[in-house]
Amino acid sequence: MADLQTSYMGIKLANPLICGASGLMSDIDNIVSMEKNGAAAVVYKSLFEEQIELERLQLDEMTEEYTERHAEMITPFPHMEHAGPLEHLLKLKKVKQGVSIPVIASLNALSPQTWLEYARKIEETGVDAIELNLFYVPGDTGPDGAGIEKDQLDIVSSVAKSLSIPVSVKLSSFYSNPLNLISKMDREGIKGVVLFNRFFQPDIDTGSEEQAFPFRLSSPGYHRLPLRFTGMLYGKINADICSSSGVFYGNDMIKLILAGASCIQCVSTLYKNGIGHIGSMLEDLDRWMKKKGYKNLKEFRGKLSSGKLKDPFAYHRAQYVDLLMGGKPVIKEGFRP
Ligand SMILES: Cc1cc2nc3c(=O)[nH]c(=O)nc-3n(C[C@H](O)[C@H](O)[C@H](O)COP(=O)(O)O)c2cc1C
């Protein structure tokens with residue numbers, strides 16, 4: 001095997017494949033299986049403020065209060081995921097003790113006090129790092145973008161400064177300029193940035209004329225959004241880039257590392273192809289590195305990032321240029337989209 005080692009937030013990883021936060025983490029046997037199949041680290045599912053609030057509020061009141069946000073917690077798992085925060089913290093401890101790969105916790109809070117209070121409690125469980133899941137869906141026309149970003153920046157800054165374990169942020173791509181916000185967060189001391197979270201979108205069932213919440217996973221190809229932003233960020237921030245969304249195959253992982261990722265997170269592919277698929281993704285990476293003569297990841301990480309490309313349009317306006325020139329798509333032999 002080629003040397004697949006990498007480093008994320010100062011933590012050494014045996015390879016760049018991290019299993020991202022998901023319902024699969026509810027079962028510790030799945031986490032053990034992820035480790036056995038070669039995952040370098042896991043992100044335990046998020047602790048949500050709703051779980052914390054639930055100790056104080058009745059479920060109906062809470063559902064009303066938070067309808068427009070946190071679909072990933074409330075809608076797919078209306079009955080399952082309402083474990084209290086204490087139970088969540090105990091499970092984190094158990095997971096940390098049950099595997100030898102790094103365990104990253106995830107937190108999604110609302111108020112600045114809860115962010116800090118629970119980030120500290122999570123740190124006490126002994127996990128290796130914490131991912132701040134900055135999931136936010138605006139519910140009305142009131143708050144402006146600058147205000148939302150400032151609040152998020154303040155939260156990130158206070159958590160990063162208060163904890164001894166490394167802190168990463170997991171963002172959506174729905175900012176006017178994600179690159180600007182990430183570079184500000186970088187200056188506040190984050191050690192990693194996860195590009196990107198994928199929101200569950202509500203749907204409407206036209207038969208019953210009701211809201212529907214289908215359980216939809218990513219599709220192959222979704223990794224092109226994080227690929228673009230990974231390529232544009234590489235070399236411009238101190239934090240490590242962890243690319244996420246639509247990483248299904250070893251070939252996707254290779255592309256993201258070429259763009260500048262230190263590691264990747266995957267979830268949907270594990271639901272669709274099983275946890276055993278981790279092994280084949282790593283084999284693909286190993287095979288490709290051997291074929292190309294790369295001894296380690298450093299030799300090709302960021303090779304195709306924006307800063308290293310001769311063509312300045314490649315990451316920025318590629319499709320527009322192509323349209324303007326009336327170009328036909330050129331598919332090179334062997335290209336795997
Ligand atoms: C069932 C399920 C539960 C999820 N729970 C969480 C969560 O607790 N915290 C979080 O940050 N992301 C959560 N996610 C999002 C994933 O971590 C990931 O960002 C998203 O699925 C995109 O990656 P993928 O394309 O590899 O699936 C969840 C995803 C799924 C499918």
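Notes on the structure in this doc start here. Computed from a predicted model, the values in this text were never measured in an experiment. (Residues numbered from 1 in each chain as written. Predicted model: local features only at pLDDT ≥ 70, side-chain atom pairs only at ≥ 80, totals over all residues.)

1. Details of the overall build of the protein
Which entries qualify depends on this criterion: Under the DSSP-based scheme used, a helix requires at least four consecutive residues in state H or I and a strand at least two consecutive residues in state E, with every element numbered from the N terminus. In this description, a residue-residue contact is defined by the distance between C-beta atoms placed from the backbone, which must lie within 7 Å.
In terms of helices and strands, the protein carries 13 helices and 12 strands. Put simply, 74% of the contacts in the protein that link residues at least 6 apart link residues at least 24 apart.

2. Considerations on the sheet that holds strand E11 (residues 240-244)
What holds strands together in a sheet is hydrogen bonding between their backbones, with the strands either parallel or antiparallel. Selection criterion: Two strands make a pair as long as DSSP finds a minimum of two bridges between them. Fitted lines through C-alpha atoms give the axes, limited to the stretch in contact for helices. The angle between two N-to-C directions lies from 0 to 180 degrees.
The strand order around the closed barrel formed by eight strands is E3-E4-E5-E6-E7-E8-E11-E12, and the pairing between neighbours is parallel. Across this sheet, the average inter-strand angle for adjacent strands is 25 degrees, counted without regard to direction. Note: strand E7 (residues 167-171) against strand E8 (residues 192-195), four bridges, orientation parallel. Along E8, the bridge assignment pairs Val169 with Val193. Helix H9 (residues 224-233) contacts E8 and E11 of the sheet and is inclined by roughly 170 degrees relative to E11.

3. Description of the site of the ligand
Just so we agree on the cut-off: Note on definitions: a residue is near a molecule or strand provided its C-beta atom, placed from the backbone, lies within 6 Å of it. As a working rule, the residues Ala, Val, Leu, Ile, Met, Phe, Trp, Tyr, Cys and Pro are called nonpolar, Asp, Glu, Lys and Arg charged, and the rest polar, with Gly in that last group.
Around the ligand, the surrounding shell holds 23 residues, and the nearest of these are Ala21, Ser46, Ser218, Val267 and Ser268. Its residues assigned to classes, the shell around the ligand shows seven nonpolar, 12 polar and four charged.

4. Focus on the nonpolar core
Spelled out, the test is: Throughout this description, the term nonpolar core refers to a group of buried Ala, Val, Leu, Ile, Met, Phe, Trp, Tyr and Cys residues whose C-beta atoms join them within 7 Å. To sort residues by exposure, count the other C-beta atoms lying within 10 Å of each residue's C-beta; 20 or more gives buried, 12 or fewer gives exposed, and values between give partly exposed, all with C-beta atoms placed from the backbone.
Counting 78 residues, the largest nonpolar core has Ile18 and Val42 as its most contacted members. Discounting chain neighbours no more than four positions away, the residues touching Val42 are Ile18, Cys19, Met25, Ile31, Met34, Ile101, Val103 and Ile104.

5. Describing the pairing of E7
Convention followed: By the criterion used throughout, a crossover qualifies as right-handed when its path from the first strand across the helix to the second strand runs clockwise, the strands pointing away from the viewer.
The element E7 is largely enclosed, with a buried count of five among its five residues. Burial of E7 is two-sided: the residues Val167, Val169 and Leu171 facing one way and the residues Ser168 and Lys170 facing the other way are all buried. Alignment of strand E6 (residues 129-133) against E7, held across four bridges, turns out to be parallel. Among the inter-strand pairings, Asn133 is bridged to a residue of E7, identified as Lys170. What joins E6 to E7 is helix H7 (residues 145-162), and the crossover it makes is right-handed. In this fold, E7 hands off to helix H8 (residues 178-187), which returns the chain to E8; that crossover is right-handed.

6. Describing the environment of Gly192
Note that Gly192 resides in strand E8. On the basis of neighbour counts, which here come to 22 C-beta atoms within 10 Å, the residue Gly192 falls in the buried class. Beyond its immediate stretch of four places on either side in the chain, Gly192 contacts Tyr8, Met9, Pro166, Ser168, Ala239, Asp240 and Cys242.

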